[in-house]
Amino acid sequence: MRKPIIAGNWKMHKLIGESVALAAAIREALGGIEEAMSVIAPPFTALGGVAEVLKGSDIRLCGQNLHEAPGGQGAFTGEISASMLLDAGCSHVIIGHSERRTLFSESDSRINAKMKTALQYGLTPIFCLGETLAQREANETFPVIENQLKEGLINIAANDIGRVVIAYEPVWAIGTGKTASPAQAEEVHLFIRGFIENQYGKELAEKIPVLYGGSVNPGNIRELMSRENIDGALVGGASLDAESFSRLVRYKF
Ligand code: PGA
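Residues numbered from 1 in each chain as written. Predicted model: local features only at pLDDT ≥ 70, side-chain atom pairs only at ≥ 80, totals over all residues. Heavy atoms only, no water.

**Q** So what about the site of the ligand? Which residues, and what values?
**A** Around the ligand sit 13 residues, and of these Lys11, His97, Glu169, Gly175 and Ser215 come closest. For the ligand, an oxygen atom lies 2.6 Å from a polar atom in the backbone of Gly175. Ser215 has a polar backbone atom sitting 2.8 Å from an oxygen atom of the ligand. When the ligand is considered free in solution it has 280 Å² of accessible area, and contact with the protein chains removes 95% of it. (Near = heavy atom within 4 Å. Polar contact = N/O pair within 3.5 Å; in protein donor to acceptor, adjacent residues only side chain to side chain. Areas by Shrake-Rupley, 256 points an atom, 1.4 Å probe, with all protein chains shown as cover.)

**Q** Mind laying out the packing of helix α1 (residues 16-30) against helix α12 (residues 242-249), listing which residues take part and the relevant values?
**A** Put simply, α1 and α12 touch, their axes get as near as 9 Å, and they point 40° apart. Here α1 lies oblique to α12, going by the angle between them. Crossing of α1 against α12: the hand is right-handed. Contacts from Leu22, Ala25, Ile26, Ala29 and Leu30 of α1 reach α12 at Ala242, Phe245, Ser246 and Val249. Grouping the constituent residues of the contact of α1 with α12 by class yields eight nonpolar, one polar and no charged. (Axes fitted to C-alpha atoms, helices over the stretch in contact; angles between N-to-C directions. Helix = DSSP H or I, 4+ residues; strand = E, 2+ residues; numbered from the N terminus. Parallel < 35°, antiparallel > 145°, perpendicular 65-115°, else oblique. Left-handed = near helix turned anticlockwise from the far one by under 90°. Contact = heavy atoms within 4.5 Å. Nonpolar A, V, L, I, M, F, W, Y, C, P; charged D, E, K, R; others polar.)

**Q** I'd like a rundown of the pairing of strand β2 (residues 37-41), residues and numbers included.
**A** Across the five residues that make up β2, a large majority, five, are buried. A two-sided burial pattern is seen for β2, the buried positions comprising Met37, Val39 and Ala41 on one face and Ser38 and Ile40 on the other. In terms of strand pairing, strand β1 (residues 5-9) meets β2 through five bridges, oriented parallel. The residue of β2 that forms the bridge with Asn9 is Ala41. As paired strands, β2 and strand β3 (residues 60-63) are joined by two bridges and run parallel to one another. The partner of Ile40 across the bridge, within β3, is Leu61. Viewed along the sheet, the connection from β2 through helix α2 (residues 47-54) into β3 turns out right-handed. (Buried < 20%, exposed > 50% of the residue type's maximum accessible area, 1.4 Å probe, protein only. Pairing = 2+ DSSP bridges. Right-handed = clockwise from strand over helix to strand, strands pointing away.)

**Q** Which residues make up the pattern of salt bridges, and what values do they have?
**A** Tallying each qualifying case throughout the model produces 13 salt bridges. Across the pair Glu106 and Arg100 runs a salt bridge, and its minimum N-O distance is 3.0 Å. In this structure Glu106 comes out as buried when scored by relative accessible area, which is 6%. A relative accessible area of 22% means that Arg100 is categorised as partly exposed. For the salt bridge of Arg101 with Asp108, the shortest nitrogen-to-oxygen distance reads 2.9 Å. When salt bridges that share partners are traced, they join Arg2, Arg193, Glu206 and Asp231 into one network. (Salt bridge = Lys/Arg side-chain N within 4 Å of Asp/Glu carboxyl O.)

**Q** Tell me about the sheet that holds strand β4 (residues 92-95), and please be specific about residues and values.
**A** The parallel closed barrel is built from eight strands, whose spatial order is β1-β2-β3-β4-β5-β6-β7-β8. Direction aside, the axes of adjacent strands within the sheet are offset by 25° on average. Along the sheet, α2 contacts β2 and β3; its crossing angle with β3, the most-contacted strand, is approximately 165°.

**Q** Pulling in residues and values, what's your account of the packing of aromatic side chains?
**A** Within the structure shown, the criterion is met by two aromatic pairs. Across from the ring centre of Phe104, 4.2 Å away, lies the NZ or CZ of Arg100, which sits over that ring. (Phe/Tyr/Trp six-rings, centres within 6.5 Å; stacked < 30°, edge-to-face > 60°. Lys NZ or Arg CZ within 6 Å of the ring centre and 35° of its normal.)

**Q** Can you break down the nonpolar core residue by residue, with the values?
**A** Leu153 and Ile166 are the most contacted members of the largest nonpolar core, which totals 66 residues. Ranked by residue count, the leading element in this core is helix α9 (residues 182-200), at six residues. Core analysis: the next-biggest nonpolar cluster, separate from the first, contains 13 residues, Ile5, Cys62, Ile126 and Ala167 among them. (Core = buried A, V, L, I, M, F, W, Y, C linked by side-chain atoms within 4.5 Å.)

**Q** Any chance you could break down the pairing of β4 for me, citing the residues and the numbers?
**A** Both faces of β4 are covered, namely the face carrying His92 and Ile94 and the face carrying Val93 and Ile95. Pairing analysis gives two bridges linking β3 to β4, with the strands arranged parallel. Looking at β4, one finds that Gly63 is bridged to Val93. Taken together, β3, helix α3 (residues 82-87) and β4 form a β-α-β motif whose crossover is right-handed. For β4 and strand β5 (residues 124-129), the ladder comprises four bridges, and the chain directions are parallel. Pairing of His92 across the sheet is with Thr124, part of β5.

**Q** How would you summarise the side chain of Ser239 if you had to cite specific residues and measurements?
**A** Tracing the backbone through its elements, the reader meets Ser239 in the loop between β8 (232-235) and α12. The exposure class assigned to Ser239 is buried, which follows from its relative accessible area of 0%. Side-chain polar atoms of Ser239 contact the backbone oxygen of Val235, separated by 3.2 Å. For Ser239, the side chain forms a polar contact with the main-chain oxygen of Gly236, separated by 2.7 Å. Not counting residues within four places of it along the chain, the set of residues in contact with Ser239 comprises Gly8, Asn9, Trp10, Leu22 and Phe245.

Keep in mind these values describe shape, not function.
Here it is, written out as structure tokens:
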């Protein structure tokens with residue numbers, strides 16, 4: 001049985017004080033909930049403060065991106081390394097978010113390098129993929145997803161794939177209020193699991209959490225989570241408020 005994961009991606013929102021207050025409110029609202037794993041990804045400037053607030057709780061801290069340089073440091077102005085994320089208290093990192101792919105021109109091969117670096121440092125990558133509206137309308141969803149999986153996971157060994165979280169985020173559903181229907185999401189999740197099974201075998205395919213992302217909110221999460229292959233959610237807008245985020249984590253109750 002895969003434990004549900006609810007991950008909040010705060011993107012470029014919240015100052016340090018606001019982040020610390022939100023994390024404290026989320027911690028209080030969630031109490032010792034064990035049915036789902038909660039992950040929050042504040043902006044880099046707030047990681048240290050939020051890590052303090054989360055100490056001793058089960059809520060995991062997540063970076064929104066990392067630089068792939070394997071040495072953990074170097075002349076890369078404006079970037080952040082895997083060791084810096086670990087040092088700040090992160091256990092997870094988002095990789096290949098569609099905003100990184102489209103607004104910051106991150107290629108599949110760059111994303112693959114970031115995946116390898118995250119795994120090498122013991123961070124759990126939340127590997128994002130998804131098709132655009134034009135690709136969906138041209139019936140290219142499955143080939144696009146297959147290609148993103150193939151390219152993003154090049155040379156990632158079986159003993160590492162078990163530590164990867166995959167997030168299917170159709171680009172047309174991100175921040176638009178348009179959610180994929182549970183049936184639309186489920187068929188892509190099943191496809192992703194099938195790909196992992198082909199490459200790495202059934203046991204690992206059964207183990208890997210596949211999250212859905214794109215306009216998830218407390219009103220639609222239950223139906224999405226009722227599908228067999230949807231193991232959680234990567235949430236933007238609805239994760240910026242403690243009440244809404246905690247309702248997402250408590251979707252069953
Ligand atoms: P959204 O963002 O929930 O605001 O659509 C999801 C994401 O970008 O991960």
